[in-house]
Amino acid sequence: ETSEQTNIGFDARLFNNTLSVNFDWYKKTNKDWLIVAPILATAGADAPFINGGNVENTGVELALNYNNNIGGFNYNLAVNGAYNKNTVGAIPTGDGIIHGETNQLFDNAPEFYRSQDGFPLWYFWGFETTGVFQTQQEIDDYGVQPNAAPGDIIYRDVNGDGSISDADKTMIGDPNPDLTYGFSVSGNYKAFDFSIAANGIAGNQLVQSYRNPGALGNYTSAILNRWTGEGTSNSFPRVTTGATNNTLFSDFYVEDGSYLRIQNVQLGYSLPNSVLDKISLDKFRLYVAVNNLYTFTKYKGYNPDVSNASPLAAGVDLGQYPQTRTYTLGLNVSF
């Protein structure tokens with residue numbers, strides 16, 4: 001595998017050095033991945049690894065930092081952001097697809113992510129939905145899902161052939177964020193200081209997979225909005241132990257993964273030098289801080305900042321333990 005990258009950028013300090021600007025445009029291409037050769041199982045041998053395929057990342061990074069003071073109040077404002085577009089190409093598998101592993105979602109789960117020419121890396125692949133059947137008449141009028149029952153998910157017939165099959169699966173999500181960003185505000189006035197730091201991402205989707213639909217287990221509170229009769233819900237299907245197609249992988253399991261997290265807030269008080277000299281100290285600072293104060297997100301899982309042990313299943317929430325909120329009371333003393 002080889003990697004090529006082009007960067008064009010600049011650094012600048014403006015307005016009497018109060019504002020610093022860092023800008024970078026980049027284009028990075030990883031070529032000739034090591035992938036498993038597409039050979040028939042009847043060949044009687046393990047498929048060898050070959051070189052093929054590439055992924056191109058193009059984007060911009062921008063960081064701004066502003067320092068100033070007003071009447072003895074010193075402050076700093078900083079913001080940074082990175083926009084990235086990810087595209088796969090030149091996959092030598094005939095259909096231009098590298099198929100994802102299965103069983104990442106639940107027992108005997110079908111393929112639900114893949115890499116394909118012209119698409120983002122390891123995008124989510126499944127059925128689009130258009131709501132929940134409310135009556136038997138709706139099922140009969142639709143005509144595409146004759147075995148459905150009121151309360152079941154409605155799948156979109158993408159190719160218009162009058163039935164629901166793998167041919168109707170399409171891109172329903174992208175685990176790669178378009179934008180990664182952060183900002184911070186800090187300042188001090190006389191003996192007091194404070195700081196606030198936040199970060200977030202936008203433009204990505206996540207898959208909730210930590211409940212096995214084929215086994216007994218706890219639901220999340222989203223189950224309270226399930227369909228229980230005509231007009232009760234058009235977003236969450238009925239709950240039943242019977243066999244249904246509601247467990248087919250679809251955009252029902254895909255959610256917006258964007259978030260903004262207030263990562264740290266801190267307030268401190270330092271004794272003035274006149275007092276420190278009298279008690280023979282170089283520094284005495286008392287502070288209070290909160291980590292992981294709050295996360296603004298539409299994601300219904302525990303934590304939108306999802307990590308996964310498998311690099312082939314980015315954006316798949318397997319139910320990691322949620323991040324804790326931590327309160328700290330601290331004291332810094334220097335002799």
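Definitions and cut-offs
- Residues numbered from 1 in each chain as written.
- Predicted model: local features only at pLDDT ≥ 70, side-chain atom pairs only at ≥ 80, totals over all residues.
- Heavy atoms only, no water.
- Helix = DSSP H or I, 4+ residues; strand = E, 2+ residues; numbered from the N terminus.
- Buried < 20%, exposed > 50% of the residue type's maximum accessible area, 1.4 Å probe, protein only.
- Pairing = 2+ DSSP bridges.
- Patch = residues over 30% accessible without salt bridge, like charges linked within 9 Å, V, L, I, M, F, W, Y side chains within 5 Å.
- Areas by Shrake-Rupley, 256 points an atom, 1.4 Å probe, with all protein chains shown as cover.
- Salt bridge = Lys/Arg side-chain N within 4 Å of Asp/Glu carboxyl O.
- Core = buried A, V, L, I, M, F, W, Y, C linked by side-chain atoms within 4.5 Å.
- Contact = heavy atoms within 4.5 Å.
- Phe/Tyr/Trp six-rings, centres within 6.5 Å; stacked < 30°, edge-to-face > 60°.
- Lys NZ or Arg CZ within 6 Å of the ring centre and 35° of its normal.

Here we take up unusual backbone geometry. A positive phi angle, near 60 degrees, is found at Asn16, a position not held by glycine. Its place among the elements puts Asn16 in the loop between strand 1 (2-14) and strand 2 (19-31). Given a relative accessible area of 74%, Asn16 falls into the exposed group. The phi dihedral of Asn292 falls on the positive side, at around 55 degrees, and the residue is not glycine. Mapped onto the secondary structure, Asn292 falls in strand 18 (residues 283-297).

It is worth spelling out the pairing of strand 6 (residues 73-89) at this point. Of the pairings in the sheet, the one linking strand 5 (residues 54-70) to strand 6 comprises 17 bridges and is antiparallel in character. Looking at the pairing, Leu64 lines up with Val79 of strand 6. Between the antiparallel neighbours strand 5 and strand 6 lie two residues, among them Gly71 with a positive phi of about 55 degrees. With eleven bridges joining them, strand 6 and strand 13 (residues 179-189) adopt antiparallel strand pairing. Note that in strand 13 the partner of Phe73 across the bridge is Tyr189.

Nonpolar side chains collect at one region of the surface, where Phe192, Leu267, Tyr269, Leu286, Val288, Leu329, Leu331, Val333 and Phe335 lie side by side and expose about 920 Å² of accessible area between them. Of all the elements, strand 20 (residues 326-334) adds the most residues to the nonpolar patch, at three residues. Mapped onto the elements of the fold, Val333 is located in strand 20. Note on Val333: relative accessible area 34%, which makes it partly exposed.

Moving on, we come to the pattern of salt bridges. This model, assessed by the stated rule, comprises eight salt bridges. As a salt-bridge pair, Arg238 and Asp152 come within 2.7 Å of each other at their nearest N and O atoms. With a gap of 86 residues between them, Arg238 in the loop between strand 15 (205-208) and strand 16 (254-256) and Asp152 in the loop between helix 1 (136-142) and strand 11 (153-155) connect regions that are remote in the sequence. Salt-bridge contacts for Asp305 lead to Arg261; the nearest nitrogen and oxygen are separated by 3.6 Å. Of this pair, Asp305 sits in the loop between strand 18 and strand 19 (316-317) while Arg261 sits in strand 17 (residues 259-270); the two residues are 44 residues apart in sequence, bridging distant segments of the chain. Classification of Arg261 by relative accessible area gives buried; the value is 2%.

Moving on: the nonpolar core. When a protein is soluble and globular, its nonpolar side chains tend to lie buried together. Counting 20 residues, the largest nonpolar core has Leu105, Phe112, Phe124 and Phe249 as the members making the most contacts within it. In contact with Leu105, other than residues within four places in its own chain, are Phe112, Val207, Ser209 and Phe249.

Counted by the stated rule, this structure contains 15 aromatic pairs. Judged by centre distance (5.0 Å) and plane angle (55 degrees), the rings of Phe192 and Tyr269 are tilted. Pair noted here: Phe192 is in strand 14 (residues 192-202) and Tyr269 is in strand 17, with a separation of 77 residues, a long-range link. Look at Phe192 and you get partly exposed, because its relative accessible area is 47%. Connected via pairs of aromatic rings, a cluster forms that spans Phe112, Tyr113, Trp122, Phe236, Phe249, Phe252 and Tyr253. Lying across the ring of Trp125, Arg114 places its NZ or CZ 3.6 Å from the centre.

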